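A structural walkthrough
Next come the chains, spelled out residue by residue.
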Amino acid sequence: QKEVEQNSGPLSVPEGAIASLNCTYSDRGSQSFFWYRQYSGKSPELIMSIYSNGDKEDGRFTAQLNKASQYVSLLIRDSQPSDSATYLCAVQLNTGGFKTIFGAGTRLFVKA
Amino acid sequence: EAQVTQNPRYLITVTGKKLTVTCSQNMNHEYMSWYRQDPGLGLRQIYYSMNVEVTDKGDVPEGYKVSRKEKRNFPLILESPSPNQTSLYFCASSTSGVREQFFGPGTRLTVL
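Residues numbered from 1 in each chain as written. Chains lettered and ligands numbered in written order. Predicted model: local features only at pLDDT ≥ 70, side-chain atom pairs only at ≥ 80, totals over all residues. Heavy atoms only, no water.

Residues and elements named next belong to chain A. If you trace the backbone, Gly-105 turns up in the loop between strand 10 (100–102) and strand 11 (106–111). Each C-alpha atom of the pair Gly-105 and Cys-89 lies 6.7 Å from the other, and the pair is 16 residues apart in sequence. Every residue in contact with Gly-105, bar those within four places of it in the chain, is listed here: Gln-6, Asn-7, Ser-8, Thr-86, Tyr-87 and Leu-88. (Helix = DSSP H or I, 4+ residues; strand = E, 2+ residues; numbered from the N terminus. Contact = heavy atoms within 4.5 Å.)

A complete count under the given rule lists eight salt bridges over all chains for this structure. Residue A:Arg37 pairs with A:Glu45 through a salt bridge whose shortest N-O separation is 3.1 Å. We note a salt bridge from A:Arg60 to A:Asp83, for which the minimum N-O separation is 2.8 Å. Of the two residues, A:Arg60 sits in the loop between strand 6 (54–58) and strand 7 (61–66) while A:Asp83 sits in the loop between strand 8 (71–76) and strand 9 (85–92), which places them 23 residues apart along the sequence. Sharing partners across several salt bridges, the network here consists of B:Arg36, B:Asp38 and B:Arg44. (Salt bridge = Lys/Arg side-chain N within 4 Å of Asp/Glu carboxyl O.)

Our next topic: the side chain of A:Gln92. If you trace the backbone, A:Gln92 turns up in strand 9. At 3.3 Å, the side chain of A:Gln92 and the side chain of A:Thr100 are in polar contact. (Polar contact = N/O pair within 3.5 Å; in protein donor to acceptor, adjacent residues only side chain to side chain.)

A few words now on the sheet that holds strand 7 (residues 65–66) of chain B. Sheet strands line up and pair through hydrogen bonds in the backbone, either parallel or antiparallel. All names here are of chain B. Taken in spatial order, the four strands line up as 1-3-8-7 in an open sheet, and their pairing is antiparallel. Lying at the two open borders of the sheet, with one neighbouring strand each, are strand 1 (4–7) and strand 7. As paired elements, strand 1 and strand 3 (residues 19–25) share four bridges and run antiparallel to each other. Along strand 3, the bridge assignment pairs Gln-6 with Cys-23. (Pairing = 2+ DSSP bridges.)

With that out of the way, let us pick up the sheet that holds strand 7 of chain A. Residue and element names in this part refer to chain A. Pairing is antiparallel in the open sheet, where five strands are placed in the order 1-3-8-7-6. A strand with exactly one partner marks an edge of an open sheet, and here the two such strands are strand 1 (4–6) and strand 6. Here the average twist between neighbouring strands, direction ignored, is 20 degrees. Direction of pairing for strand 6 relative to strand 7: antiparallel, over a ladder of five bridges. (Axes fitted to C-alpha atoms, helices over the stretch in contact; angles between N-to-C directions.)

What follows is about the state of the cysteines. Defined simply, a disulfide is a covalent bond joining two cysteines at their sulfur atoms. Taken as a whole, this structure holds two disulfides over all chains when the rule is applied. Across a sulfur-sulfur distance of 2.1 Å, A:Cys23 and A:Cys89 are joined as a disulfide pair. Disulfide A:Cys23-A:Cys89: torsion about the S-S bond near -75 degrees, hence left-handed. Remark: A:Cys89 occurs in strand 9 and A:Cys23 occurs in strand 3 (residues 19–25); sequence separation between them is 66 residues. Note that B:Cys23 is cross-linked by a disulfide to B:Cys91, the S-S spacing being 1.8 Å. Between B:Cys23 and B:Cys91 the disulfide shows an S-S torsion of about -70 degrees. By sign, it is left-handed. Remark: B:Cys91 occurs in strand 9 (residues 87–94) and B:Cys23 occurs in strand 3; sequence separation between them is 68 residues. Judged on exposure class, the residue B:Cys23 and its partner B:Cys91 are both buried. (Disulfide = S-S within 2.5 Å. Buried < 20%, exposed > 50% of the residue type's maximum accessible area, 1.4 Å probe, protein only.)

As a further point, take the interface of chain B and chain A. Listed per partner, the contact involves 22 residues of chain B and 21 residues of chain A. In total, about 1,800 Å² of surface goes out of reach between chain B and chain A, with carbon and sulfur atoms giving 55% of it. Of all residues in chain B, B:Leu43, B:Arg99 and B:Glu100 bury the most surface against chain A, accounting for 32% of the area lost on that side. Joining chain B to chain A, the criterion identifies one salt bridge. A salt bridge links B:Asp59 to A:Lys99; the nearest nitrogen and oxygen atoms lie 3.4 Å apart. Looking at the side of chain B that touches chain A, the elements that each hand over two or more residues are strand 4 (31–38), strand 5 (42–51) and strand 9 of chain B. Residue composition of the side of chain B that touches chain A, by class: 10 nonpolar, nine polar and three charged. (Buried area = accessible area lost by both parts, 1.4 Å probe. Nonpolar A, V, L, I, M, F, W, Y, C, P; charged D, E, K, R; others polar.)

Now for unusual backbone geometry. Cis geometry is adopted by the peptide bond preceding A:Pro10, which originates at A:Gly9 and carries an omega value of 10 degrees. Relative to the elements of secondary structure, A:Pro10 occurs in the loop between strand 1 and strand 2 (11–14). Backbone torsion omega between B:Asn7 and B:Pro8 reads -5 degrees, so that peptide bond is classified as cis. Mapped onto the elements, B:Pro8 comes out in the loop between strand 1 and strand 2 (10–13).

In structure tokens, the structure reads:
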């Protein structure tokens, strides 16, 4: 069974701090990695995608991938109350198809 | 406006009464997928389709059917719904060259 593990949280950080969200995956052949944000009662929306080892930055968000350790992380700098949501880590398997495994999500609270 | 639409948004039904949840996208995407989301379990992939007439099972296909006769539509069929299929369902789509998924607004299904 392919797995994607996340700490369910809640993770609580003060406004302006860095929020660090972590994800591990079991399928060593996975090629594509994603972070989605989901507000309560809404559908997931893409925050970041990353395909190669290292860091990828987009505004206040940085995704980090370490394939050797099978580890993906998302850093949110200068956290805002509007960042309060559930963050879903997703991994697409290297099957040549479109099979995607999601983690259960980490709830983030940013306190004003 | 580029979007994924689902209908109905809310449905309450009874055990054994066949139902169909429709999904349509206007972005000419090749890939489409269905997920269910349950508390503590995150998003689990039911079926996905890589193009017209090409479908494959995700992690939890039992009790569901799909068809992809047109590129824009990917209906989810529950031939004989049971209470354990009570869940929040999301349809998603993606282009072939980019694996990030766009999600529909969700369908909340209750099977009594």
